[in-house]
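Remarks on the overall topology
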Amino acid sequence: MENVHEEWKKQLVKCIRCGTCRSVCPVFKVCDNENTTARGKVKLLEAVSEGKLALTPALQARMSKCLLCKACTTGCPSGVKTDELFLSARKALAAENGLPLAKKLAFTGLTYRKLFDLGLKLGAAFQGIVFKDAPDGRGKLARLPLPSAGLSQRRIIPPLSTSPLRSRLPEVNKVASPQGKVAFYTGCMLNYVYPEAGEAIVKILKAHGVEVVIPARQSCCGTPAFTAGDYQVGRYLAEENVKILAAENYDAIITGCASCGSALQHEYSAVIEDPAVKKLWENLSKKVKDITQFIVERGIKQDLREVRAKITYHDPCHLVRGMGVSQEPRQILTSIPGVEYAEMKDAAKCCGAGGTFSMVYYDVSRKINDWKLDNAEKTGATILATGCSACRMHITDGLGQRDSAMKVLHTAEIIAKAYGLD
Ligand code: SF4
Ligand code: SF4
């Protein structure tokens, strides 16, 4: 623990208490409590590192009240790496206090890839027992409150697909005269929840003339586990994924989910321990690209089909501040004939999903989401495009709660339409 405290101190000492992080923190805006800001958390961790405060369950709860949206990290004039600091604190707190049994079991389940796959397929087949269709057909509603799964009866969630992406498509998706070979890391949500978006990504990649390998042995990226502090599971999943993705020499590792992409590109640095795997990751991380980055690098196709729609775009935190992707989706959307693009105010502000944050603090995350939806609706757009499945799920729920006619799509689904691939 001493070493951890020394590492923390290198960051803590940089904080000049300026409070810039207060002005950008969505959780602070709702809760109006200094402890929810980065500055407040820095102070608490300082007390821990000086031996004045223990790693108590109460501190664990405070540290979990954070979206890990990186707004404070990006905005900090002193360069305090608050994102890394908070993850490290969650790791130490989980090691000290453990995690709730339901969470621990769910995370451990992720390490049994085949069992997890079977569980979700069975879940998809029998989801009608626990969930019913939402009245507007946007998704499902729990028949009974499921607090251990973070589900109230009003929360609209997308159904599990009875035909996941990786069972729809072959592992190797060939093209005539390939101009390269890429791996598509689907992650869980594109595989089990939004397979149509995943299919759109594969079609786009093939249209760009590359062979697309969807490694069958890929696992969850581990983000839900290590962001909750479970580095044992997070490390296992990260190391497995790196070994599988490094087994072949791909030109790029394509992602279509911001959290998976940011984990593969950045967060794995603090999660992987095996030095040999770390070396593999250092090389691999440079190849990780969001689908929109890949398209722009290769050149947006000419002769795009007309897509008549007014569209706005939401920047997922892990895409804009994690992977540094913001211009690419806009560049593509605005080049599609017929698309009337309308930028929303504060497009890069967090939507309130924050991984499991919205399950634990649903009411707070709903209020944060409402600001996003107010700004989105003011544009008059009928479609909100985004590149993160968790954002899509949370925004869709919010739109359902307010009976909005706006629809959420993955940016790739709109691009596939413009490419004539739908
Ligand atoms: S913005 Fe950075 S330096 Fe300023 S109070 Fe927050 S963490 Fe400290
Ligand atoms: S990561 Fe986001 S939610 Fe967490 S303290 Fe920073 S600004 Fe607030």
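Residues numbered from 1 in each chain as written. Chains lettered and ligands numbered in written order. Predicted model: local features only at pLDDT ≥ 70, side-chain atom pairs only at ≥ 80, totals over all residues. Heavy atoms only, no water.

Points about the overall build of the protein chain
- Within the protein chain, the secondary structure is distributed over 23 helices and eleven strands.
- In terms of C-alpha radius of gyration, the protein chain reaches 21 Å, essentially the compact-globule figure of 22 Å for 422 residues.
- Taking the principal axes of its C-alpha atoms as reference, the protein chain extends roughly 65 × 50 × 45 Å.
- For the protein chain, with 422 residues in total, the buried portion stands at 55%.
- The long-range share in the protein chain, meaning contacts at least 24 apart out of those at least 6 apart in sequence, stands at 76%.
- Total accessible area on the protein chain stands at roughly 18200 Å², and carbon and sulfur atoms take up 54% of it.
- Side chains of the protein chain carry 58 positive and 43 negative charges; the gap between the two charge centres is 2 Å. (Helix = DSSP H or I, 4+ residues; strand = E, 2+ residues; numbered from the N terminus. Rg over C-alpha atoms; globule rule 2.2 N^0.38 Å. Buried < 20%, exposed > 50% of the residue type's maximum accessible area, 1.4 Å probe, protein only. Contact = heavy atoms within 4.5 Å. Areas by Shrake-Rupley, 256 points an atom, 1.4 Å probe, with all protein chains shown as cover. Lys, Arg positive; Asp, Glu negative; His and termini not counted. Charge placed at Lys NZ, Arg CZ, Asp CG, Glu CD.)

Side note on the site of ligand 1
- For ligand 1, the full set of nearby residues is Cys15, Ile16, Arg17, Cys18, Gly19, Thr20, Cys21, Arg39, Cys76, Pro77 and Ser78.
- When its residues are assigned to classes, the shell around ligand 1 shows six nonpolar, three polar and two charged. (Near = heavy atom within 4 Å. Nonpolar A, V, L, I, M, F, W, Y, C, P; charged D, E, K, R; others polar.)

Examining the environment of Arg39
- Inspection of the secondary structure assignment puts Arg39 in helix H4 (residues 38-49).
- Residue class for Arg39 comes out buried when judged on its relative accessible area of 17%.
- Put simply, Arg39 and Lys181 are 142 residues apart on the chain and 45 Å apart in space, counted from C-alpha to C-alpha.
- In contact with Arg39, not counting residues within four places along its chain, are Arg17, Cys18, Gly19, Cys21, Arg22 and Glu34.
- For Arg39, the side chain forms a polar contact with the main-chain oxygen of Arg17, separated by 3.0 Å. (Polar contact = N/O pair within 3.5 Å; in protein donor to acceptor, adjacent residues only side chain to side chain.)

What to know about the pattern of salt bridges
- If you walk through the whole model with that rule in mind, you get 31 salt bridges.
- With a closest N to O distance of 3.9 Å, Lys174 and Glu211 form a salt bridge. Remark: Glu211 occurs in strand S5 (residues 211-213) and Lys174 occurs in the loop between strand S3 (172-173) and strand S4 (181-185); sequence separation between them is 37 residues.
- Across the salt bridge formed by Arg402 and Asp374, the nearest N and O atoms sit 2.9 Å from each other. Taken as a pair, Arg402 in the loop between helix H22 (389-401) and strand S11 (407-410) and Asp374 in helix H21 (residues 362-378) lie far apart in primary sequence, 28 residues in all. (Salt bridge = Lys/Arg side-chain N within 4 Å of Asp/Glu carboxyl O.)

So, unusual backbone geometry
- Although it is not a glycine, Asp32 adopts a positive phi angle of roughly 50 degrees.
- Structurally, the position occupied by Asp32 is in the loop between helix H3 (26-31) and H4.

Some details on the packing of helix H12 (residues 195-207) against helix H17 (residues 291-298)
- Two elements in contact, H12 and H17, have axes whose closest approach is 11 Å; the angle formed by their N-to-C orientations is 15 degrees. The angle between H12 and H17 falls in the class roughly parallel. Helix-helix and strand crossings are classified by hand; for H12 and H17 the assignment is left-handed. Contact residues: Ile201, Ile204 and Leu205 in H12; Ile291, Phe294 and Ile295 in H17.
- Each residue belonging to the contact of H12 with H17 can be placed in one class, and the counts come to six nonpolar, no polar and no charged. (Axes fitted to C-alpha atoms, helices over the stretch in contact; angles between N-to-C directions. Parallel < 35°, antiparallel > 145°, perpendicular 65-115°, else oblique. Left-handed = near helix turned anticlockwise from the far one by under 90°.)

Considering the sheet that holds strand S6 (residues 252-255)
- Here five strands make up an open sheet; going across it, the order is S3-S5-S4-S6-S7 and the pairing mixed. On the outer flanks of this sheet lie S3 and strand S7 (288-290), each paired with one strand and no other.
- Bridge count between S6 and S7: three bridges; the pairing is parallel. In the strand pairing of S7, Thr255 is matched with Asp290. (Pairing = 2+ DSSP bridges.)

Describing a nonpolar patch on the surface
- On the surface, Tyr112, Leu115, Leu118, Leu122, Phe126, Ile129 and Val130 cluster together into a nonpolar patch covering about 740 Å² of accessible area.
- Turning to its location among the elements, Leu118 is positioned in helix H9 (residues 113-130).
- Its relative accessible area of 47% is what places Leu118 among the partly exposed residues. (Patch = residues over 30% accessible without salt bridge, like charges linked within 9 Å, V, L, I, M, F, W, Y side chains within 5 Å.)

Looking at the domain arrangement of the protein chain
- When the domains of the protein chain are assigned, the result is domain 1 (2-97) and domain 2 (304-418).
- Spacing between the C-alpha centres of domain 1 and domain 2 amounts to 28 Å.
- Across the contact, 15 residues belong to domain 1 and 14 residues belong to domain 2.
- Both faces considered, domain 1 and domain 2 share a buried interface measuring about 1200 Å² in area, 76% of it formed by carbon and sulfur atoms.
- Put simply, domain 1 and domain 2 have three residue pairs in polar contact (both at pLDDT 80 or more) between them.
- Looking at the side of domain 1 that touches domain 2, the elements that each hand over two or more residues are H3, helix H5 (57-64) and helix H6 (71-75).
- Considered class by class, the residues forming the side of domain 1 that touches domain 2 number ten nonpolar, two polar and three charged. (Domains from an automatic or database assignment. Buried area = accessible area lost by both parts, 1.4 Å probe.)

Details of H12
- Over its 13 residues, H12 extends 18 Å from the first C-alpha to the last, a length consistent with the 18 Å expected when each residue adds 1.5 Å.
- Within the sequence span of H12, burial applies to Pro195, Ala197, Gly198, Ala200, Ile201, Val202, Ile204 and Leu205.
- Looking at the residues trailing H12, positive phi occurs at Gly209, about 80 degrees. (Expected span 1.5 Å × (residues − 1).)

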